[in-house]
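Spelled out, the chains give:
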There are 4 protein chains.
Amino acid sequence: MIGGGQGAFIGGIHRMAAALDGLYELTAGAFSSDAAKSRATGVLLGLAPDRVYGSYQELIEQEQQRPTAERVQVIAIVTPNHLHFEPAKLALQSGFHVILDKPMTFSLAEAKQLQQIAVASGQKLCLTHTYTGYPMVKEARQLIAAGTLGGIRKVYVEYPQGWLSGFEEGSDNKQAAWRTDPARSGIAGAMGDIGTHAFNLLEYVSGLQVEKLCADINVVVPGRRLDDDGAVLLRLSHGASGVLVATQVAAGEENNVRVRVYGEKGGLEWQQADANTLLVRWLDRPAEIRRTGTGYVGSFAQHNTRTPAGHPEGYLEAFANLYRNFALALQAEMAGQTAAPEALDYPSLADGIRGMAFIENVIASGHSDTKWTDFVA
Amino acid sequence: MIGGGQGAFIGGIHRMAAALDGLYELTAGAFSSDAAKSRATGVLLGLAPDRVYGSYQELIEQEQQRPTAERVQVIAIVTPNHLHFEPAKLALQSGFHVILDKPMTFSLAEAKQLQQIAVASGQKLCLTHTYTGYPMVKEARQLIAAGTLGGIRKVYVEYPQGWLSGFEEGSDNKQAAWRTDPARSGIAGAMGDIGTHAFNLLEYVSGLQVEKLCADINVVVPGRRLDDDGAVLLRLSHGASGVLVATQVAAGEENNVRVRVYGEKGGLEWQQADANTLLVRWLDRPAEIRRTGTGYVGSFAQHNTRTPAGHPEGYLEAFANLYRNFALALQAEMAGQTAAPEALDYPSLADGIRGMAFIENVIASGHSDTKWTDFVA
Amino acid sequence: MIGGGQGAFIGGIHRMAAALDGLYELTAGAFSSDAAKSRATGVLLGLAPDRVYGSYQELIEQEQQRPTAERVQVIAIVTPNHLHFEPAKLALQSGFHVILDKPMTFSLAEAKQLQQIAVASGQKLCLTHTYTGYPMVKEARQLIAAGTLGGIRKVYVEYPQGWLSGFEEGSDNKQAAWRTDPARSGIAGAMGDIGTHAFNLLEYVSGLQVEKLCADINVVVPGRRLDDDGAVLLRLSHGASGVLVATQVAAGEENNVRVRVYGEKGGLEWQQADANTLLVRWLDRPAEIRRTGTGYVGSFAQHNTRTPAGHPEGYLEAFANLYRNFALALQAEMAGQTAAPEALDYPSLADGIRGMAFIENVIASGHSDTKWTDFVA
Amino acid sequence: MIGGGQGAFIGGIHRMAAALDGLYELTAGAFSSDAAKSRATGVLLGLAPDRVYGSYQELIEQEQQRPTAERVQVIAIVTPNHLHFEPAKLALQSGFHVILDKPMTFSLAEAKQLQQIAVASGQKLCLTHTYTGYPMVKEARQLIAAGTLGGIRKVYVEYPQGWLSGFEEGSDNKQAAWRTDPARSGIAGAMGDIGTHAFNLLEYVSGLQVEKLCADINVVVPGRRLDDDGAVLLRLSHGASGVLVATQVAAGEENNVRVRVYGEKGGLEWQQADANTLLVRWLDRPAEIRRTGTGYVGSFAQHNTRTPAGHPEGYLEAFANLYRNFALALQAEMAGQTAAPEALDYPSLADGIRGMAFIENVIASGHSDTKWTDFVA
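Quick caveat: nothing in here was measured; it's all calculated off a predicted structure.

Right, let's get into the UniProt feature "domain: GFO/IDH/MocA-like oxidoreductase" (unreviewed entry) in chain A. UniProt records the feature "domain: GFO/IDH/MocA-like oxidoreductase" (unreviewed entry) for residues 138–269 of chain A in the present numbering. Between the end C-alpha atoms of residues 138–269 of chain A the distance is 12 Å, and the span holds 27% helix and 33% strand.

Here it is as structure tokens:
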């Protein structure tokens, strides 16, 4: 693992997600660019001292020199955005598979470059767009892909948060500090941090691609250096249209990412606050409540479920599904087998490119006086 | 009552709303431009035959000739949009108060003219924007007006319907026929029918006014002659921004109009599907569930409630609140008294002008390639 | 109307319920045993002074002397329990139909006597068990009666209130005063006031009858003279069993009466807090959400609905359904026609007898040390 | 680990719960009494072959002979009920701490014996009553313990399942087979399997103890050998009363265990289907929604939370909280420190004794004709 030292948020999430199914063992880390801090984290995590490194370069180089059977196979990179590209590049080129936190890189140009590097390296990359790991999100995608709702007409996705309603970066809130800092986050704040999740969820569930967008991007809290709010009108493939909302100033909101998709015959709705439920509405018959862990859900939902119906699965399980599917896909590859479609269903390079393109296009549209901006990827 | 013959929808709603509190008695009607049909409706409603008329002109003229104590005092106009202006004009000028279904008229120009006529006549007009009649909508407005949430930053309002997902106007659906007909509805379909409700609800609850908008207006169902779908980015007074969604092709949706408003300190959410609840979220303490009929709600909610907490009040009660407040305001005026603020709180001319301006501005924006269109009223 | 003077609760509810559909006109009343108070109420309601009476005897006698076409046809009795029997008896024997608030009488013996009187009189009686007036309650009954759930195994019904958590009868709470007074309420408090509603709802929805019960009846608030809490184990016909809970000391609860019934193939759930929804669960497929006002619901639900799906109907509409169906049944009878089953579906004498029997049996069981008490009606 | 071979359910849950926080490493197992099957499971889990045993005796004996630093410290026993006592006894007496699935043993007598053995051994035991591991359940307990609701008056707990609505033990459903078999489950079916969970949750949250009970215990499905349904009236300490429902024939229900507690000032409600929410109602102010991961919840909820508010935590995290707290308590003990109250808050011997006493008392009451049975522990 690269990054994820004490005080970080997402590093701990990655570790729990990796541990849940016993498919990964954390054996080495460069948890901080501060070597002492990295070591301290290593001690807490019970790692062998010689596997805790003071920099990502050191980690990659030294692990590479270990015998194949004794070195790490996959490197998880959980640093802020500006520190994604270089470690990922070096890891891929050094023969390691990579699990990378989203958004993929600092810029679209970097993302495209990383894609080329990854392809050339023959290594695999998994991007942690968590929400597509939920069983009922997968059920939604599978239902739509099967044509159950007919042609898709409308999509609505929203990610409302309230935690940046005040000037949190003025206090010692480490998360607020880097996420509102252009030097570490990139050109987007809310749109990069949560807008990309909403965008990815939307394209994943609907099976459509955004083709044009019209964005209203705002900095609501005085003094903030990056957008903390936005709303985007969308034109999608096959004539669909929609709305994407991402805001960090919806005071009192937690993380209730929600997606609704409507087709000719019906619509469906999923929200993280009720993550084990998929509501499917029909034009002329009662709406139905599809639930995680039941016998009637599709193969993708079933594959990504660990407990019987009614025993809720949450965010960590969704996150762990990314890790698990990536492991299953790698295991199949190592064994010379074809992985099941359910195992190959994890966010990867293509999602990363789309996400970075979303950031650049949505910010460009926010600055434009023209209504529609073409989505260029 | 003018309009509301057999087969109509909203006429029956008006009659029930008027009857609920015993403040109105239905004594005369021109229920249809077909005199026989009007008479038939009159029989069904138990009216005296000499009070059932074959045209609105006849109704107004003949009622005007009756002794003051024996003639109708208020005329409810429940016809399609293109038949609002003329009857309302004649009624006002003939000395009758008017209850008018929304949107106010066929065009903004007509609305402005009607406003002048009403003011000149000294008669009062009540416009039936139903949703502002709900106790918890009033509670929301009162909380925000009192500054409870701090300065308002974000507003989201949506009115999703699914009933026009198919080409209903191709069947014998009378409601679909006139609501999708430019000659009877005006320049807007969904935006006029339900968009104006959403718009009115938004301005009512937030206390803000839309200043600019950017609309994506669509005709989704092939062959349809008016918009059946739209999404609108909004810029509001005091620096707030927001999104309005109105669609009639969200297959499976009923009428779950929903509004969310976020300020510096917290946010609130109301939706018709859970109409007796107002959810108020806070930055740093538990969200609270405010409920109709409880002792702790404000004076406006209390005034508009008929049953104890937990006995739900619905759409008809909300509608009846418009009727009741209008009656109380008229009674106060007749008695030479000042009506309570709670009684004066019914949608009126100003709301009607704003609504018609919304229709014209939103359709103009829909046709524009420029991002922001100034809201001109 | 007998009872329902100023300060009363249920009288106003009856008047709104009666007015909603225009099928009743309130023309006479003895609103209080205090003649001055009765007159004052009459003035407020706009009645002719000569139709406002100082006692129920006076009302019945004088109305009876009026020409048939000019006298009241139906008398609503909305007094406390100890004043149900005598007015109802006199009204029936004098040739008036009766709408009677629940529970039917002060005692089971009175109820049986009233039943005989009613039958002998040829007049009809409607008992206002409100909750069976909800469209989705009727849908539940119709689904179960059709065998959709298979044989019924389990029933759970609960009526939790919190308004008597304190010693309210010690203040000037008029409702609390008579409802906790054995001289006015009878032998039961909570069990009579809301337990009978729960019992009626249970038998109505399930189509089963309670055969044995085992009750835990409590007086929770010190100083109270009647039970304010109870829970009852039930044995029902056809081998089903269940639980009934009624309490007035569930602090913070409003009036969320709720019923759940489970059969061999599935179960259903209805609660007043979400009154327009019936949740139907299945063993092996997604649960479904049945909604008021949709096209797919059964004839009973449709008949008892006034607004399109998504425009909620509430307590007053449910109450009004009792009034409306009673009127439709009487109209059919007067016209020498057979009323539709949907119109005949209002709570009547048989429900009243069952309800009074419930009160006597449940209180008896509460005092018994034997587990099961036979339900004797 | 003892038990938990392929095809088992709860073994996998234990393994994930143990793995989540990196505080346990699975190093040895006797996964089945069939040695070949045990080995196969060991291979799947990646264990060293010499740490996979063919019987629990072998595991305990051979692990005991390993050097202290190389042997297992804690043994998780995840076998059916009839195989709890002997392995637990041997493990404790051999110097291992024990994590034991519920109910504690096959009979109350065994449970008491095991308690004595545990105390004598100086080893610790953790019983996996999962539901008390949820953060919001802990918040409920802490609020009530602090007197926030005033004196407790009413408690309602229910655990409805539907999976045994048919004669599942007649098919090859392994779970149904042993859970309905008196030789493996003990004297109770539903009451032992889920009734004990409900009972434990009730006593844990309310801080009260059941003193008397009155049970209706049923075998609903023909041919079944143990109860699959029951409802119990409860008398608790400090004058409270309540109802416990546990059923496995509520067709369509998943595992929505739910608890409600009402005191003099307010009430609270928690249900597994919305596990991250605790609803707290008040007599005279809006109900509040307390949420996992927020800053305002108490120390117990905070201690047992892993993700920020709005990222749901589920069943596995609740289960993992038992494992984590047990580990923290053991670590503190080994370090000669006093563990924090939050770490010591895991279900243990006393809960196990109460649970087994519940089984024996509730079944006795089910057979009794007397209303109240004293709860004897």
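Moving on to the pairing of strand S8 (residues 258–263) of chain A. Residue and element names in this part refer to chain A. Of all the 6 residues making up S8, 6 are buried; the element is thus mostly covered by neighbouring parts of the structure. Here S8 shows no split at all, with Arg258, Arg260 and Tyr262 on one side and Val259, Val261 and Gly263 on the other all buried. Alignment of strand S4 (residues 152–160) against S8, held across 6 bridges, turns out to be antiparallel. Pairing of Tyr156 across the sheet is with Arg260, part of S8. Looking at chain direction, S8 and strand S9 (residues 266–271) are connected through 5 bridges and run antiparallel.

Turning our attention to the relation of the copies chain D and chain C. Rotating chain D by 180° and translating it 0.0 Å along the rotation axis places it on chain C, where the RMSD comes to 0.0 Å. Expressed as a symmetry operation, the mapping of one chain copy onto the other fits a two-fold axis. In terms of C-alpha distance to the rotation axis, chain D has Lys371 of chain D as its closest residue, with the C-alpha 2.0 Å off the axis. A shared binding surface is used by both copies, with 98% of the interface residues of chain D retained as interface residues in chain C.

A few words on the pairing of strand S1 (residues 74–77) of chain D. All names here are of chain D. Burial along S1 is two-sided: the residues Val74 and Ala76 and Ile75 and Ile77 are all buried. Relative to strand S2 (residues 97–100), S1 runs parallel, the two being bridged by 4 bridges. In the strand pairing of S2, Ala76 is matched with Ile99. Handedness of the crossover joining S1 and S2 through helix H4 (residues 85–93): right-handed.

UniProt annotation of "domain: Gfo/Idh/MocA-like oxidoreductase N-terminal" (unreviewed entry) refers to residues 26–126 of chain A when read in the numbering used here. With 43% helix and 10% strand, residues 26–126 of chain A has its two end C-alpha atoms placed 17 Å apart.

All names here are of chain C. Look at helix H5 (residues 108–121): 20 Å from first C-alpha to last across 14 residues, which is about the 20 Å you get at 1.5 Å a residue. All of the buried residues along H5 are Leu108, Glu110, Ala111, Leu114, Ile117 and Ala118. Residues of H5 that are buried in the fold lie against helix H4 (85–93), strand S2 (97–100), strand S3 (125–127) and helix H13 (349–367). Gly122 sits one or two positions beyond H5 and adopts a positive phi of about 75°.

Residue and element names in this part refer to chain C. With respect to the helices and strands, the residue Phe167 is situated in the loop between strand S4 (152–160) and helix H7 (174–179). Taking the C-alpha atoms as reference points, Phe167 and Val220, separated by 53 residues in sequence, lie 10 Å from one another. Excluding anything up to four places from it in sequence, Phe167 contacts Val221, Pro222, Gly223 and Arg224.

Attention shifts here to the sheet that holds strand S3 (residues 125–127) of chain B. Residue and element names in this part refer to chain B. Sheet architecture is open: 3 strands sit in the order S1-S2-S3, paired in parallel fashion. Of all the strands in the sheet, just strand S1 (74–77) and S3 have a single pairing partner and so form its edges. The mean inter-strand angle of the sheet, taken between neighbouring strand axes irrespective of direction, is 15°. For strand S2 (residues 97–100) and S3, the ladder comprises 3 bridges, and the chain directions are parallel. Bridging from a neighbouring strand, Leu100 pairs with Leu127 of S3.

A word on a nonpolar patch on the surface. Residues and elements named next belong to chain A. A cluster of nonpolar side chains, namely Leu26, Leu44 and Leu45, defines an oily patch on the protein surface of about 260 Å² accessible area. Here Leu26 shows up in the loop between helix H1 (10–19) and helix H2 (35–44). Taking relative accessible area as the criterion, Leu26 reaches 33% and is therefore assigned partly exposed.

Applying the stated criterion across every chain, the model contains 40 aromatic pairs over all chains. With 5.0 Å between their ring centres and 50° between their planes, Tyr134 of chain C and Trp270 of chain C make a pair best called tilted. Taken as a pair, Tyr134 of chain C in the loop between S3 and helix H6 (135–145) and Trp270 of chain C in strand S9 (residues 266–271) lie far apart in primary sequence, 136 residues in all. Grouping residues by exposure puts Tyr134 of chain C and Trp270 of chain C together as buried. Ring plane angle 70° and centroid distance 6.1 Å describe the contact between Tyr156 of chain D and Tyr262 of chain D, whose orientation is recorded as edge-to-face. Here Tyr156 of chain D is found in strand S4 (residues 152–160), whereas its partner Tyr262 of chain D is found in strand S8 (residues 258–263), with 106 residues between them in sequence. Take Tyr156 of chain D and Tyr262 of chain D: they sit in the same class, and that class is buried. Taken together, Tyr24, Tyr131, Tyr159, Tyr315, Phe319 and Tyr323 of chain A form an aromatic cluster joined through their ring pairs. We note Arg141 of chain A situated over the ring of Tyr204 of chain A; from NZ or CZ to the ring centre the distance is 4.5 Å.

Formed by 209 residues in total, the largest nonpolar core has its most connected members in Val205, Leu244 and Trp270 of chain A together with Val205, Leu244 and Trp270 of chain D. Not counting residues up to four positions away in its chain, the partners in contact with Trp270 of chain D are Tyr134, Met136, Val137, Leu201, Val257, Arg258, Val259, Ala275, Thr277 and Leu278 of chain D. Judged by nonpolar contacts, the second largest core, of 208 residues, contains Met191 and Tyr204 of chain B together with Val78 and Phe326 of chain C.

A few words now on the interface of chain D and chain C. With 46 residues of chain D at the contact, the number on the chain C side is 45 residues. When chain D packs against chain C, close to 3200 Å² is buried across both sides, 52% of that on carbon and sulfur atoms. Linking chain D with chain C are 9 salt bridges, by the criterion used here. Of the charged contacts in the structure, one is a salt bridge between Glu158 of chain C and Arg258 of chain D, with a shortest N-O distance of 4.0 Å. One can count 23 residue pairs in polar contact (both at pLDDT 80 or more) joining chain D with chain C. Broken down by secondary-structure element, the contributors of at least two residues to the side of chain D that touches chain C are S4, strand S5 (210–218), strand S6 (229–236), strand S7 (241–247), S8, strand S9 (266–271), strand S10 (277–282) and helix H13 (349–367) of chain D. In terms of residue count, S6 of chain D provides more of the side of chain D that touches chain C than any other element does, 6 residues in total. Here the residues of the side of chain D that touches chain C sort into 18 nonpolar, 13 polar and 15 charged.

The element helix H1 (residues 10–19) of chain D is extensively covered by neighbouring structure, given that 8 of its 10 residues are classed as buried. Here H1 of chain D has its buried residues at Ile10, Gly11, Ile13, His14, Met16, Ala17, Ala18 and Ala19 of chain D. Contact partners of the buried residues in H1 of chain D: H1 of chain A together with S2 and helix H11 (315–334) of chain D.

Parameters at a glance
- Residues numbered from 1 in each chain as written.
- Chains lettered and ligands numbered in written order.
- Predicted model: local features only at pLDDT ≥ 70, side-chain atom pairs only at ≥ 80, totals over all residues.
- Heavy atoms only, no water.
- UniProt positions renumbered as here; feature names shortened; annotations may be inferred.
- Helix = DSSP H or I, 4+ residues; strand = E, 2+ residues; numbered from the N terminus.
- Buried < 20%, exposed > 50% of the residue type's maximum accessible area, 1.4 Å probe, protein only.
- Pairing = 2+ DSSP bridges.
- Least-squares fit on C-alpha atoms with pLDDT ≥ 70 in both.
- Contact = heavy atoms within 4.5 Å.
- Right-handed = clockwise from strand over helix to strand, strands pointing away.
- Expected span 1.5 Å × (residues − 1).
- Axes fitted to C-alpha atoms, helices over the stretch in contact; angles between N-to-C directions.
- Patch = residues over 30% accessible without salt bridge, like charges linked within 9 Å, V, L, I, M, F, W, Y side chains within 5 Å.
- Areas by Shrake-Rupley, 256 points an atom, 1.4 Å probe, with all protein chains shown as cover.
- Salt bridge = Lys/Arg side-chain N within 4 Å of Asp/Glu carboxyl O.
- Phe/Tyr/Trp six-rings, centres within 6.5 Å; stacked < 30°, edge-to-face > 60°.
- Lys NZ or Arg CZ within 6 Å of the ring centre and 35° of its normal.
- Core = buried A, V, L, I, M, F, W, Y, C linked by side-chain atoms within 4.5 Å.
- Buried area = accessible area lost by both parts, 1.4 Å probe.
- Polar contact = N/O pair within 3.5 Å; in protein donor to acceptor, adjacent residues only side chain to side chain.
- Nonpolar A, V, L, I, M, F, W, Y, C, P; charged D, E, K, R; others polar.

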